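Okay, here's what each chain looks like letter by letter:
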Amino acid sequence: MKSIKRLKPLAAVVGAGRTKFGELWYKNPEELLTEAGLKAVESVEYGLMRKDLQACYFGSFLYQVTNKLALVPGYMARELGMNIPMSNTEAACGSGGSALYNACLGIRSGEYDVALVGGFEKMTDRSEKIIDDLMFAGDLHEFGAGYTFAGLYASMMARYIHDYGDGSDGKCREALALITCKNHLHAMGNEYAQFRREFSVDDVLNSPLVADPIRMLHCSPVSDGAVALVVVSPEVAKKYTDTPIYIVGSQQATDDVSICSRESLTGIKATRLAMEKVLKETGMTIGDIQVAEAHDCFTIEEIFFLEDSGFCKEGEGWKIVYDSYESFNGSKHIPYVNGNRELVVNAGGGLKADGHPVGATGVRQVYECFKQLRGEAGGNQVDTEPNVALCHNIGGTGGIATVHILMRDLSKS
Ligand code: COA
């Protein structure tokens, strides 16, 4: 790892709050966001006055369609009783990570010292139409051809199994199901998770077919929820808490919205590019990361993350999943192991089990890492006292990827 003395933090998270994820029909979107925002503000150790907030960065995708509302800043100015600058970023399922990326830019520029970052989505109010609505983040031709997101990822998963898994006696398909089993196991101790229920490989492989080879239990669910963070400049962080979690890397990359014109169907170029940039920015290698929140909207995407991040070689992700599960001997989190690298992925259940209210997800990932690095994750706390965490949030089938690296103790490699 780069000399820690030269690792200059970009920003720090000093407070975090979230709602439960699931079917939250009793609250409208701005109430969910307000609940998460107030929890984040109230969680700040030495207190944060509302007047300390200088800007708000929100992330959401389908607010206008699901709830027939627009102008998030206006609604939130009313809810929070504030008139400070506010913006809303739309980047499909990557909206939350993009909102945080923009907040980091605001803080890095020196314009702000204290910002609120919030992600939210309310999907179940429109459950009959939501699968079509999500396709706003797909290419129009894909939508016209009858694709859904499950269909698009099914094409990618089928190609991956064809290229790397045929001839593995079904072990590749088993590995894709094991990701569900792992993430549901990880969510058992997460009080906010949409599902706290374990599944077996047989449960996954016998669940209803959604888009061959994707079955219901390979999918993240349709969810409501909101998450918020208090993000400050490193210079003022210790004014708010003795244990700020520093953001030491914040990078983003983009790619063609359509899978038809991608270089490859078996990986996400935007993830590879954002990962390269963030590792260069921090001087780290993937081996330095101890816990990661990966964007597992469908289980194949968690394998793509292992490969695109450089944790393992292309085509070998499923073997890492399979072997790690086989050699697992009993702790509550199943780490992925590749040689001397060990990585706990989706400690709170990931999108699969914690839930996926799309605009909230990227912020929820940072909430999870903030809690894990402070040792405050309660029932789903990993027992390795991690110091470095990574959050990987993508939009659509990889039209955008945002990666953040967080660190608790800057003097410890
Ligand atoms: N994982 C685990 N359980 C799930 C689930 C999921 N993804 N989706 C639904 N369930 C459960 C429900 O809780 C319910 O359980 P219960 O009978 O014990 O109450 C049961 O399965 C049926 O739920 P229902 O809402 O009727 O399922 P559905 O068939 O309408 O939807 C999917 C299931 C998989 C099609 C839906 O979750 C889906 O489309 N997910 C993908 C969302 C998406 O594309 N997001 C964007 C990613 S880029």
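Sequence positions are assigned chain by chain, starting from 1 and proceeding in written order. This being a predicted model, a pLDDT of at least 70 is required before a residue's local features are given, and a value of 80 or more before pairs of side-chain atoms are given or counted; all residues contribute to the totals for chains, interfaces and linings. Side-chain numbers here rest on the full set of heavy atoms in the structure, without hydrogens or water.

> Help me understand the overall build of the chain in this model?
Helix and strand definitions follow DSSP, with helices as H or I runs of at least four residues and strands as E runs of at least two, each counted in order from the N terminus. The secondary structure content of the chain amounts to 15 helices and 13 strands. At 20 Å, the chain has a C-alpha radius of gyration in line with the 22 Å of a compact globule built from 413 residues. Overall size of the chain, expressed as C-alpha extent along the three principal axes, is 60 × 50 × 40 Å. Counting only residues that meet the buried cut, the chain has 62% of its 413 residues in that class. Whether two residues are in contact is decided by their heavy atoms, any of which lying within 4.5 Å being enough. Restricting to contacts in the chain with at least 6 residues of sequence separation, those with at least 24 account for 78%. The quantity called the radius of gyration is restricted to C-alpha atoms. Its globule counterpart is 2.2 Å times the number of residues to the power 0.38. The buried label goes to any residue with under 20% of its type's maximum accessible area, the exposed label to any with over 50%, and the partly exposed label to all in between, with areas taken from a 1.4 Å probe on protein chains only.

> Sorry if this is basic, but what is going on with unusual backbone geometry here?
Among all residues except glycine, the phi angle is most often negative; among peptide bonds, the trans geometry is most common. That bond from D212 to P213 is cis: its omega, 10°, falls within 30 degrees of zero. Within the element layout of this structure, P213 appears in the loop between β5 (209–211) and β6 (214–215). A positive phi is found at L71, a non-glycine position, where the angle reads about 55°. Since its relative accessible area comes to 62%, L71 is described here as exposed. Of note, the phi angle at A92 is positive, near 50°, even though the residue is not glycine. Residue placement: A92 occurs in the loop between β3 (86–89) and α4 (95–108). Relative accessible area serves as the criterion here: at 4%, A92 is assigned to the buried category.

> So what exactly am I meant to see when it comes to the packing of aromatic side chains here?
Aromatic rings considered in pairs are described by the distance between their centres and by the relative angle of their planes. Working definition: rings of Phe, Tyr and Trp (its six-membered ring) pair if their centres are within 6.5 Å, and the pair is stacked with planes under 30 degrees apart, edge-to-face with planes over 60 apart, and tilted otherwise. Enumeration over the complete set of coordinates arrives at eight aromatic pairs. Within the aromatic cluster, the residues linked to one another by ring pairs are Y63, Y75 and F120. Here R18 stacks its cationic end above the ring of F21, 4.2 Å away from the centre of that ring. Cation placement over rings: the criterion is NZ of Lys or CZ of Arg within 6 Å of the ring centroid and within 35° of the ring normal. Sitting over the face of the ring of Y367, R18 holds its NZ or CZ atom 5.8 Å from the ring centroid.

> So what exactly am I meant to see when it comes to helix α3 (residues 72–80) here?
It helps to recall that an α-helix has 3.6 residues per turn; residues three or four apart then point in one direction. By the burial criterion, the buried members of α3 are V72, M76 and L80. What you see down the axis of α3 is that its buried residues fit within an arc of 50°, all on one side. Those residues of α3 hidden inside the fold are in contact with α1 (29–42), β2 (55–59), α2 (63–67), β3 and β4 (114–122). At the C-terminal side of α3, G81 shows a positive phi close to 65°. This arc is built from the directions going out from the helix axis to the C-beta atoms.

> Can you help me understand the site of the ligand in this one?
Near the ligand there are 14 residues, and of these I131, M216, C219, S220 and K352 occur at the shortest range. N or O atoms within 3.5 Å of each other form a polar contact, as long as, within protein, one can give a hydrogen and the other can take it, and as long as residues adjacent in sequence are counted only when both atoms are side-chain atoms. With respect to the ligand, the backbone of C219 contributes an N or O atom lying 2.8 Å from a nitrogen atom. The side chain of K352 places a nitrogen or oxygen atom 2.8 Å from a nitrogen atom of the ligand. For every accessible area listed, the method is Shrake-Rupley and the probe measures 1.4 Å; residues are considered covered only by the protein chains on display. Protein contact buries 60% of the 920 Å² of open area that the ligand shows by itself. Side-chain classes are defined by residue name, with Ala, Val, Leu, Ile, Met, Phe, Trp, Tyr, Cys and Pro counting as nonpolar, Asp, Glu, Lys and Arg as charged, and the others, Gly among them, as polar. Grouping the amino acids of the shell around the ligand by side-chain chemistry returns 12 nonpolar, one polar and one charged. It suffices for a single heavy atom of a residue to lie within 4 Å of a molecule or strand for the residue to be listed as near it.

> Could you clarify how one ought to interpret the sheet that holds β4 in this entry?
For sheets, the rule is that strands pair by backbone hydrogen bonds, running either parallel or antiparallel. Criterion used throughout: strands pair if DSSP finds at least two bridges between them. Reading across from one edge, β3-β2-β4-β7-β1-β8-β13-β12-β9-β11-β10 is the order of the 11 strands in this open sheet, with mixed pairing throughout. The sheet terminates laterally at β3 and β10 (336–338), the two strands that pair on one side only. On average, each strand axis in the sheet is inclined to that of its neighbour by 25°, with strand direction left out of account. Two elements, β10 and strand β11 (residues 341–345), share three bridges in a ladder whose sense is antiparallel. From the neighbouring strand, V337 faces β11, where its bridge partner is E342. Axes, fitted as lines to C-alpha atoms, cover a helix only where it is in contact. Angles between the N-to-C directions of the axes lie from 0 to 180 degrees. Sheet strands touched by helix α11 (residues 269–282): β8 (245–254), β12 (388–395) and β13 (400–407). Its angle to β8, the strand with the most contacts, is close to 145°. Helix α15 (residues 358–374) contacts β1 (11–18), β2, β4, β7 (224–232), β8, β9 (291–293), β12 and β13 of the sheet and is inclined by roughly 175° relative to β12.

> Just to check I follow, could you spell out the pattern of salt bridges for this structure?
For side chains bearing opposite charge, pairing can occur when the charged atoms are close. Whenever a carboxyl oxygen of Asp or Glu lies within 4 Å of a side-chain nitrogen of Lys or Arg, that contact is scored as a salt bridge. Tallying each qualifying case throughout the model produces 16 salt bridges. For E281, the salt bridge is made with R108, and the minimal N-O distance between the two is 2.8 Å. Of the two residues, E281 is situated in helix α11 and R108 in helix α4; the sequence distance between them amounts to 173 residues. Owing to a relative accessible area of 19%, E281 belongs among the buried residues under this scheme.

> Even after reading the chapter, I still don't get helix α12 (residues 299–308), so can you show me in this structure?
Burial runs high along α12: 10 of the 10 residues are buried. Positioned one or two residues after α12, G310 has a phi angle of 90°, which is positive.

> Explanation requested: the environment of T266 in the structure shown.
One can find T266 in the loop between β8 and α11. On the basis of relative accessibility, which here comes to 6%, the residue T266 falls in the buried class. Sequence separation of T266 and E314 is 48 residues, and the distance between their C-alpha atoms is 8.5 Å. If sequence neighbours within four positions are ignored, T266 has contacts with R159, Y160, D163, Y164, F304, E307 and E314.

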